[in-house]
Amino acid sequence: MNYKIVADSSADLLTLDTIPFSSVPLHILVGEQEFVDDENVDIAAMQEALTSFKGKTSTACPSPAAWHESFGDADVVFCVTITSGLSGACSSALIAKDMYETEHPGRKVYVYDTLSTGPEMALLIEKIAACLEEEMKPEEIDSAARAYMEHTHLFFALASLHNFARNGRISPIVAKGVGMLGIRIVGKASDEGTLQPIDKCRGEKKAIPCLIKHMKACGYTNGRIIISHYNNPAGAEKLKQKIIDTFGSFNGYIHSCRALCCYYAEPEAILIGFEA
Ligand code: X90
């Protein structure tokens, strides 16, 4: 059986070592310029464009055709999407699934609305890949993946919510006060898959213990962790150290956000996905 995992580019993954995988790019629009969040995107150029451009900027999710193309000729596809609470990516994937299954009777596409993004999506992708390596049956993988999503979480510390507010993805009232020098908003992906602010912290020094506090409250002990950051390797490393000091180990890795997450999370962001 020929299988494949696909995910939109908000998962911040371009390849998987062991399993056929495609990343389907979202698009970032800055005036006349369009940045496609694939392996060639120039994030520094995007940031420069965002800093100098004073007009409206926006993003666009993958089209059904783009998802459909990513399925290739796989018999079974596991398709992982960013939250339907903030993006049309999942609806678009469901249209592609219908097209694909109608065109190719017998083939199957499983779509996962993660109600999250970034590192929590990456955890689910890793999980599905591990199930495939164990040669589990597709239906068993599907049940395991859905069960897994129930006990992973996404938390983050952001220095600005400007692009979120500008795109109407949070209320301006919530955004107010963030973007003030040194203030970090600590928040999480809510059960509905939206951005839920939890705390305002003065500086990263306070934001890191705050993230640890919320990990404890979720029942974190020693599960898998993925941290992603935008231009903040030092902050990500500090969080990792604090996790080791608090929980005794760090079972995971740190990587950089790709363009879509950079656009929304903004410079200095830290995102953490973990199993509890
Ligand atoms: O145009 C589109 O369809 C894309 C819209 C994406 C909006 C959310 C992107 C979030 C990126 C920022 C921090 C984490 C927030 C998590 C909330 C669930 C990452």
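Further up the page is the structure itself.
Residues numbered from 1 in each chain as written. Predicted model: local features only at pLDDT ≥ 70, side-chain atom pairs only at ≥ 80, totals over all residues. Heavy atoms only, no water.

Participant: Sorry if this is basic, but what is going on with the overall build of the protein chain here?
Facilitator: Of regular secondary structure, the protein chain possesses 10 helices and 13 strands. Rg of the C-alpha trace for the protein chain: 18 Å, near the compact-globule value of 19 Å for 276 residues, within the 12% margin. Expressed as lengths along the three principal axes of its C-alpha atoms, the size of the protein chain is roughly 55 × 50 × 30 Å. Here the protein chain, with 276 residues, has 51% of them falling under the buried criterion. Here the contacts in the protein chain between residues at least 6 apart in sequence split such that 72% fall between residues at least 24 apart. With the model as given, the accessible surface of the protein chain reaches about 12300 Å², and the carbon-plus-sulfur share is 52%. (Helix = DSSP H or I, 4+ residues; strand = E, 2+ residues; numbered from the N terminus. Rg over C-alpha atoms; globule rule 2.2 N^0.38 Å. Buried < 20%, exposed > 50% of the residue type's maximum accessible area, 1.4 Å probe, protein only. Contact = heavy atoms within 4.5 Å. Areas by Shrake-Rupley, 256 points an atom, 1.4 Å probe, with all protein chains shown as cover.)

Participant: Is there a simple way to think about helix α4 (residues 118-133) in this case?
Facilitator: Owing to its 3.6 residues per turn, the α-helix aligns residues three or four sequence positions apart on the same side. For α4, spanning 16 residues, the distance from its first C-alpha to its last is 23 Å, which sits close to the expected 22 Å at 1.5 Å a residue. Burial analysis of α4 places 12 of its 16 residues in the buried class, which makes it a mostly covered element. For α4, the complete set of buried residues consists of G118, P119, E120, M121, A122, L123, L124, I125, I128, A129, C131 and L132. E135, located one to two residues past α4, shows a positive phi value of around 60°. (Expected span 1.5 Å × (residues − 1).)

Participant: Could you clarify how one ought to interpret the pattern of salt bridges in this entry?
Facilitator: Oppositely charged side chains can pair when the atoms bearing their charge come close. With the rule as written, the count across this model stands at seven salt bridges. For D142, the salt bridge goes to R146, with nearest N and O atoms at 3.0 Å. In this pair, D142 and R146 are both assigned in helix α5 (residues 138-149), four residues apart and thus about one turn of the helix distant. Overall, D142 belongs to the buried group, its relative accessible area being 14%. (Salt bridge = Lys/Arg side-chain N within 4 Å of Asp/Glu carboxyl O.)

Participant: Which parts of the structure should I look at to understand the site of the ligand?
Facilitator: In the neighbourhood of the ligand, 19 residues make up the surrounding shell, with T59, A60, C61, S87 and R169 lying closest. A60 is positioned with one of its backbone polar atoms (N or O) 3.5 Å from an oxygen atom of the ligand. Side-chain polar atom of S87 to an oxygen atom of the ligand: 2.7 Å apart, as the coordinates give it. For the ligand, whose unbound accessible area comes to 550 Å², protein coverage reaches 99%. (Near = heavy atom within 4 Å. Polar contact = N/O pair within 3.5 Å; in protein donor to acceptor, adjacent residues only side chain to side chain.)

Participant: What am I meant to see in the pairing of strand β7 (residues 108-113) here?
Facilitator: Remember that side chains alternate between the two faces of the sheet whenever the strand is regular. The pairing of strand β6 (residues 76-81) with β7 spans six bridges and is parallel. Within β7, the position partnered with F78 by the bridge is Y110. Between the parallel pair β6 and β7, the chain is carried across by helix α3 (residues 89-103), and the sense of this crossover is right-handed. (Pairing = 2+ DSSP bridges. Right-handed = clockwise from strand over helix to strand, strands pointing away.)

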